[in-house]
Amino acid sequence: MIVTESDGLTEVCGSTYRLLLELDAMSTAPYAILQDPAGQTWSALNLLSSVPTVDRPDEVYAVGACTVETGNGESGGEDVVVVVRTRSTAWAQHELRLVCRPETLELSVTVTGEGWLGSVQLLGGQGTLVDGAAGAFASSIAFASVLVPAPGEPVQLVRPAHSGGQLGLVGDASPGRLHSVFSPPPLVFGFGRAVPTGPTSVPPGDWLGVGLRAPVAELTFTTLAYVPQDGGFHLELAYEGHTEVRGTWRTPVLVLRPAATGWAVLEDYHRDLLDAGQVPASATAPDARPAWWAEPLFCGWGAQCARVGVDADSRTTHSERGLTASAASQSRQDVYDTFLAGLAAHGIHPGTVVLDDRWQAAYGTAEPDSEHWPDLRGWIADQHRQGRRVLLWWKAWDPAGLPAQECVRDAAGRPVAADPANPRYLQHLTDIVTALIGADGLDADGLKIDFTQRAPSGRSLRAHPGVWGIAALHAMLAALTNAAHAAKPDALVVCHTVHPAFADVCDMVRLNDVAHGDIHGVGVPVVDQLQMRHAIASRMLPDHLIDTDQWPMPDRAEWRRYVEHQTAYGVPALYYCEAIDRTGELLGDDDLAAVAASWRRYREGRSP
């Protein structure tokens, strides 16, 4: 690290960046200019921050002296630490530290006092400077694009820098909320020099990764947002009044690291968490992975949807919910027998069958619907005799059937989600999973976890204190996965939790539902979406199998292309056997023969 001073300007140089500070001007211009080694600016980083509580705003009213200190670095050299002490309305002490290492800048904010956290703002915040400038302050946007590794609707992996982005686990299929296909996704944004070139492509050129580093137990927020406005931006973490501070508290570390490519932003993020000891070992080591986990899957959801039919132009929330309710009625023992018999007649023999929504009478308690599945245990035993394994679809967070005291409740006392902060719920969950997978219960072979994006969110919600947000989801899945593996050591748990910290609560990562189109409403080829999602998931969980998923397909032709390419990107999953739900196109002998041939090649490629 090199530190120089000239004409009142302090320059800190690492191997991949330059940082310029005018220390004497911090009271009126609290910025650090971040540039590449050639002097091209990434951003004028605002060194204010806001850490409000639910009952007190946090507004800076004095920026103290900014100091530049040197100390022993982790790599054996000397790190340079920029310290900005401020006085603010919510805390007795408020300090920002920017640790300059050879390849990274690491920013964190520490506060001292008491309160329940609201929405924390970094790289900008609320304040009043000595020259009278007041209100919201932000960092500058000197880059052209932002990589948001959270595929959703519309498809927009890399977007213009003036467009916002959100990473986390709050969302669904309603307008403006379908951004949690991966939940949680990697908590990193990429800032790029080049303008976006397409819905799934990453333009070339230099990039700057901006990601969060913290142990998963400290990820007690629901979302991390990139919030741009009028040439500036800040980052915002939604704690929602469920994280208490008593004494000293520090934000997760924000790591800024220049990268050669957009995909390198993700690779660097994974390596950073790994080096920090925040990527746990997989629940099952790759060399101990049961062979059947990689067998082709048949999931009945698409076929269930095709059975009830759907208007091809249906896009409204009401229509989607109506489809879901109707399709769920087709999760029946006799219907699945028909599905499997039809596949067998065409030489298609799945190694694993997923019983989808909704085989259970109530989502929260997961007892079988005895009308639809009169002998689920016997049916599973019959599948075992035929050499197949059975996974049960599981709707995360749903409180249906659970005691209210085990749930997160709204202002009226109505249960809105299961509460993984509550030890009583975690024990109940353990008992439920044991009954589903244990030999004395249904003897199923694992669970396909869905709806992890439906996390409870809101200040008015009431839950057992101690854990919220991303940390709460990890606690829930840890209890579920541990119970599944205790009941049956080779049980398979499939999730769409792509953040590296979830490696220990997920055996296979699924790529989740395919999106419709781009920001212009133009359909995005399904294979492009498959490739993009695989590129994200495989960089975040490189030791995990990938369930390629397959629903929904826009038409038969696109489905055929998806079938053709699936085996190159993971475990092939078949969702259709009779017709395509969105168009009503029937599948013919040649279509199913293509599936059989694809699976045959896949299995031959896996043979010793």
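Located above this text is the structure these notes cover.
Residues numbered from 1 in each chain as written. Predicted model: local features only at pLDDT ≥ 70, side-chain atom pairs only at ≥ 80, totals over all residues. Heavy atoms only, no water.

1. Here's the deal with the pairing of strand E7 (residues 78-88)
Of all 11 residues in E7, eight are buried; the element is thus mostly enclosed. Both E7 and strand E8 (residues 93-100) contribute to a ladder of seven bridges, which runs antiparallel. Counted as the bridge partner of valine 81 is valine 99 from E8. In this structure, the hairpin formed by E7 and E8 is closed by a connection of four residues. (Buried < 20%, exposed > 50% of the residue type's maximum accessible area, 1.4 Å probe, protein only. Helix = DSSP H or I, 4+ residues; strand = E, 2+ residues; numbered from the N terminus. Pairing = 2+ DSSP bridges.)

2. Points about unusual backbone geometry
In this structure, proline 184 follows serine 183 across a cis peptide bond, with omega equal to 0°. Tracing the backbone shows proline 184 in the loop between strand E15 (165-168) and strand E16 (188-192). Cis geometry marks the peptide bond from aspartate 357 to arginine 358; its omega dihedral reads -5°. Relative to the assigned elements, arginine 358 resides in the loop between strand E23 (352-355) and helix H5 (376-385). Positive phi, close to 60°, is recorded for glutamate 240, a residue that is not glycine. Inspection of the secondary structure assignment puts glutamate 240 in the loop between strand E19 (232-238) and strand E20 (244-250). Positive phi outside glycine occurs at phenylalanine 451, with the angle close to 65°. Among the secondary structure elements, phenylalanine 451 is positioned in the loop between strand E27 (446-450) and helix H7 (469-487).

3. Things to note about the pattern of salt bridges
Under the counting rule described, the total for this entry stands at 36 salt bridges. Residues arginine 389 and aspartate 490 are paired through a salt bridge, measuring 3.2 Å at the closest nitrogen-oxygen approach. Here arginine 389 is found in strand E24 (residues 389-395), whereas its partner aspartate 490 is found in the loop between H7 and strand E28 (492-495), with 101 residues between them in sequence. Under the relative-accessibility criterion, aspartate 490 is labelled partly exposed at 21%. Across the pair aspartate 591 and arginine 556 runs a salt bridge whose closest N-O atoms are separated by 2.9 Å. Of this pair, aspartate 591 sits in helix H10 (residues 589-606) while arginine 556 sits in helix H9 (residues 556-566), and the two are 35 residues apart along the sequence. Judged by relative accessible area, aspartate 591 falls into the buried class, the value being 1%. (Salt bridge = Lys/Arg side-chain N within 4 Å of Asp/Glu carboxyl O.)

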